[in-house]
Amino acid sequence: MTGAWGLDPHRTQLVLIAVSENATFRIEVDARPYAVLRVHRPGYVDPAQIRSELQWVQSLEDEVDISVPEVMPLANGDLLHTCSRAALDEEAAGEAPWHMVAFAFVLGAVLEDIIDVLPDPSSYYRRIGRATAKFHSHAEAWRPPVGFDRFEWRVEDMIGGSSRWGDWRAAAMTASQHEVLEAAESVAVEQLHDNDAEGRGWGLIHADLRPSNIMMHEDRLTVIDFDDCGYGWYLYDFASALSFIEHEPYAGQIAREWLAGYRSVRELSARDIRFGCALSMLRRLTMLGWTTTHRRDALPPAIWDAQLPGAVDVARRFLNSSTWLLD
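With that out of the way, let us pick up the overall build of the chain. Looking only at helices and strands, the chain features nine helices and 10 strands. The C-alpha atoms of the chain give 20 Å as radius of gyration, which agrees with the globular expectation for 327 residues (20 Å, within 12%). With the principal axes as the frame, the chain shows a C-alpha extent of 60 × 45 × 40 Å. The buried share among the 327 residues of the chain stands at 53%. Of the contacts made within the chain by residues no fewer than 6 positions apart, 71% connect residues no fewer than 24 positions apart.

Here it is as C-alpha cells:
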C-alpha cells in the first residue's frame, strides 16, 4: 500500500500507533520515521468527506500561523488511496473498500502524555484556546472548494439514538443516575435554544482539539487529527477541549485559561460562555455514549472508570449553575 506514495516497499515498514475510529501507523523508511498513515474504518466516512478534511488542513497550513501536519499526496497527486480486498480475493466481494491518507511525520510528544510533568500545564490550554480562535477566524473567511463536504455536529449528532458515537443511555447506570443525566440533557438543550443557537457562531471546527491531539516539540505546538472536523458551533471546540476531564477539580482553571487564550484573538460575551458551558454538558454525555461503543482499553483505566460517576457529578453541577465550569 505504501507504494501508492512512491515508497520502496523493501525499505518501508509500518508500525501500529493506535486504533480508535481508525487505525494509525507510523511509516518508517530505512528504520527512520517518515510519515503517519491513517487507515479509515470501512464505511465510517465517505471518501469525499475525507478529501474535504485534507483540503481544509492544507488551507490551514498555508494561511494560519498554527502548525498542522503536512498532507502527503500520492504519487499520482491524489490525496486519498483506496484499496479493496475484493480485487485479490473473490470471497471478499461486497466488502467496503479501505481508504487511507498520509501525513508527514511530526516530531515531538503528544501533549496529553507530558502535560502532567510540565511546570504549568494549564497554560497550554491558553495556547489551545488561542489556536482554536485562529482556526475559527480562518473558517469564517475561507471559501471551500467546489464539492467540499463535511458532516455536522448538531444536537442530534451528539446525543440520543441517532448520535454519531452511541447513546449515553446505553451505559450501565442506576435509575437515579439516569434521572440526573436526563434532566441535565433536557436543560442543556433548552439553553441552546433559548440562547439563539443558530446565531452563536457556526462553521468548520476541529471538534476534538484536546491535549491528545496536540504534538509538542521544543515548545512548538502542532494540531493533529482533524478526522472529526465538521460544521458545528464554534464553542463546541471549547467543550471538546475538556473531554473526559470536566469533573476534575482543575477543570475550571484550564477552562478559564482556554477562554483567555481564545479571547486574545476573538471576542466572547457572557452569553457565549453560558452557551459553551451548555455544550460542555452535552459533550460529556456524547463521550459517555462513546464509551458504550468502544473497548474499555480505549482510555486509561482511571479515566474510563470516572466517566459515569464524573458525568453525574458534572450534571448536578450544571443543573445548579449554567456556568458550572467556571464557578
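Once you've had a look at it, read on.
We now examine the sheet that holds strand 4 (residues 81-83). Taken in spatial order, the five strands line up as 1-2-3-5-4 in an open sheet, and their pairing is antiparallel. Here the strands that pair on one side only, and so sit at the sheet edges, are strand 1 (12-19) and strand 4. Shown here is a sheet whose adjacent strand axes are inclined to one another by a mean of 30 degrees, direction ignored. Pairing geometry for strand 3 (residues 32-40) and strand 5 (residues 98-104), over five bridges, is antiparallel. From the neighbouring strand, Arg38 faces strand 5, where its bridge partner is Val101.

Moving on to unusual backbone geometry. Even without a glycine there, the phi angle at Asp30 is positive, about 55 degrees. Following the sequence through the fold, Asp30 ends up in the loop between strand 2 (22-29) and strand 3. The phi angle at Phe244 is positive, at roughly 75 degrees, despite the residue not being glycine. Examined against the element boundaries, Phe244 turns out to sit in the loop between helix 6 (236-241) and helix 7 (251-263). The exposure class of Phe244 is buried, given its relative accessible area of 4%.

In spatial order, the strands read 6-8-9; together these three strands make up an open sheet with antiparallel pairing. Because the sheet does not close on itself, it has two edges, and the strands there are strand 6 (109-110) and strand 9 (220-223). Relative to strand 9, strand 8 (residues 214-217) is paired through four bridges, and the arrangement is antiparallel. In the sheet register, Met216 faces strand 9, and the bridge partner there is Leu221.

Calculation notes
Residues numbered from 1 in each chain as written. Predicted model: local features only at pLDDT ≥ 70, side-chain atom pairs only at ≥ 80, totals over all residues. Heavy atoms only, no water. Helix = DSSP H or I, 4+ residues; strand = E, 2+ residues; numbered from the N terminus. Rg over C-alpha atoms; globule rule 2.2 N^0.38 Å. Buried < 20%, exposed > 50% of the residue type's maximum accessible area, 1.4 Å probe, protein only. Contact = heavy atoms within 4.5 Å. Pairing = 2+ DSSP bridges. Axes fitted to C-alpha atoms, helices over the stretch in contact; angles between N-to-C directions.

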